[in-house]
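# Structure assessment
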Amino acid sequence: MATQSPFSLLAEAFAKLTEKLSAPAWLVDEMQHRAVLFLNHVLMQEPEAQARLIRQKGRVVRLQWRDFAMQLAATPAGLLELAPAATPDLLLTITDTSPLDLARGALRGDRPAVRIEGDVQFAGEVNWLVDHVRWDAEEDLARLIGDAPAHTLANLARTAAAGLRQFASKAGLRETNPHDTDSTAGKADS
């Protein structure tokens, strides 16, 4: 007799709970503004990314997941701004609806599955940005606390992230193989 994993039971309960919840409009608006500020901070550290966005000025991408959506337009400065009333040139929809599955995938380092509709050239530029632009948290932290402490904290964070990824992959392996016994799970770990 197959038993259900506690993770799958938790995922089902969380999915049912989040189906009925919706954030207040003021909170969504504030979070979107904060996200744009963060994205622009990261973009300002990458001149090539800004140059690519300058070529796409005025174009709008709509990011959507379940009931949440955010529209961003490329500015003449090579940055992003919110464009809630604009018609999107590109629609990116995250197809996985489970927040726990998304979190589990993120811990493993996987990208979520995305449905892409709209301008192919703009989609290529957005894909380049996703592939090549990274936040250098250690550099930002070094501005606050100095190079050596920032490097130490960054190493601790990388170690913790690696441990979480390893835990997520092992938990995912056991969850996807519910018929495995303890002896076969041990073989997969070694």
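Let me begin by describing the structure that accompanies this report. Source: prediction; values computed, not measured.

## Concerning the pairing of strand β4 (residues 90-94)
Counting buried residues along β4, four of its five residues qualify, which places the element largely inside the surrounding structure. Pairing analysis gives five bridges linking strand β1 (residues 60-65) to β4, with the strands arranged parallel. The partner of V61 across the bridge, within β4, is L90. Across five bridges, the pairing between β4 and strand β5 (residues 114-118) is antiparallel. By the bridge assignment, L92 is partnered in β5 with I116.

## Details of the side chain of Q50
Within the secondary structure, Q50 sits in helix α3 (residues 47-55). Not counting chain neighbours up to four residues away, the residues in contact with Q50 comprise L43, M44, A77, G78 and L79.

## Side note on the sheet that holds strand β2 (residues 68-74)
Overall, mixed pairing links the five strands, which are arranged β3-β2-β1-β4-β5 in an open sheet. Edge strands, defined here as strands with exactly one partner in the open sheet, are β3 (80-82) and β5. Adjacent strand axes in the sheet meet at a mean angle of 25 degrees when their direction is disregarded.

## A word on the packing of aromatic side chains
Overall, the coordinates contain two aromatic pairs when judged by the stated rule. Here the aromatic rings of F38 and W135 are separated by 5.1 Å at their centres, their planes lie at 85 degrees, and the arrangement is edge-to-face. Note that F38 is positioned in helix α2 (residues 25-43) and W135 in the loop between α5 (120-132) and α6 (137-145), a separation of 97 residues in sequence. Ring geometry for W65 versus F68: centroids 5.9 Å apart, planes at 15 degrees, classification stacked.

## Looking at the packing of α3 against α5
Close contact between α3 and α5 brings their axes to 11 Å; oriented N to C, the two are set at 165 degrees. In this view, α3 runs roughly antiparallel relative to α5, as classed from their interaxial angle. In the packing of α3 onto α5, the handedness of the crossing is left-handed. Every residue of α5 that contacts α3 at E48, A49, R52, L53 and R55 is listed here: E125, W128 and L129. Split by residue class, the contact of α3 with α5 holds four nonpolar, no polar and four charged.

## With respect to a nonpolar patch on the surface
A contiguous nonpolar surface patch, about 410 Å² in accessible area, is contributed by L144, I145, L153 and L156. Breaking the nonpolar patch down by element, the ones donating at least two residues are α6 and α7 (147-176).

## Things to note about unusual backbone geometry
Of note in this structure, R66 is not a glycine but carries a positive phi near 50 degrees. Within the element layout of this structure, R66 appears in the loop between β1 and β2. Among the residues examined, R66 registers a relative accessible area of 25% and is labelled partly exposed.

What counts as what
Residues numbered from 1 in each chain as written. Predicted model: local features only at pLDDT ≥ 70, side-chain atom pairs only at ≥ 80, totals over all residues. Heavy atoms only, no water. Buried < 20%, exposed > 50% of the residue type's maximum accessible area, 1.4 Å probe, protein only. Helix = DSSP H or I, 4+ residues; strand = E, 2+ residues; numbered from the N terminus. Pairing = 2+ DSSP bridges. Contact = heavy atoms within 4.5 Å. Axes fitted to C-alpha atoms, helices over the stretch in contact; angles between N-to-C directions. Phe/Tyr/Trp six-rings, centres within 6.5 Å; stacked < 30°, edge-to-face > 60°. Parallel < 35°, antiparallel > 145°, perpendicular 65-115°, else oblique. Left-handed = near helix turned anticlockwise from the far one by under 90°. Nonpolar A, V, L, I, M, F, W, Y, C, P; charged D, E, K, R; others polar. Patch = residues over 30% accessible without salt bridge, like charges linked within 9 Å, V, L, I, M, F, W, Y side chains within 5 Å. Areas by Shrake-Rupley, 256 points an atom, 1.4 Å probe, with all protein chains shown as cover. Salt bridge = Lys/Arg side-chain N within 4 Å of Asp/Glu carboxyl O.

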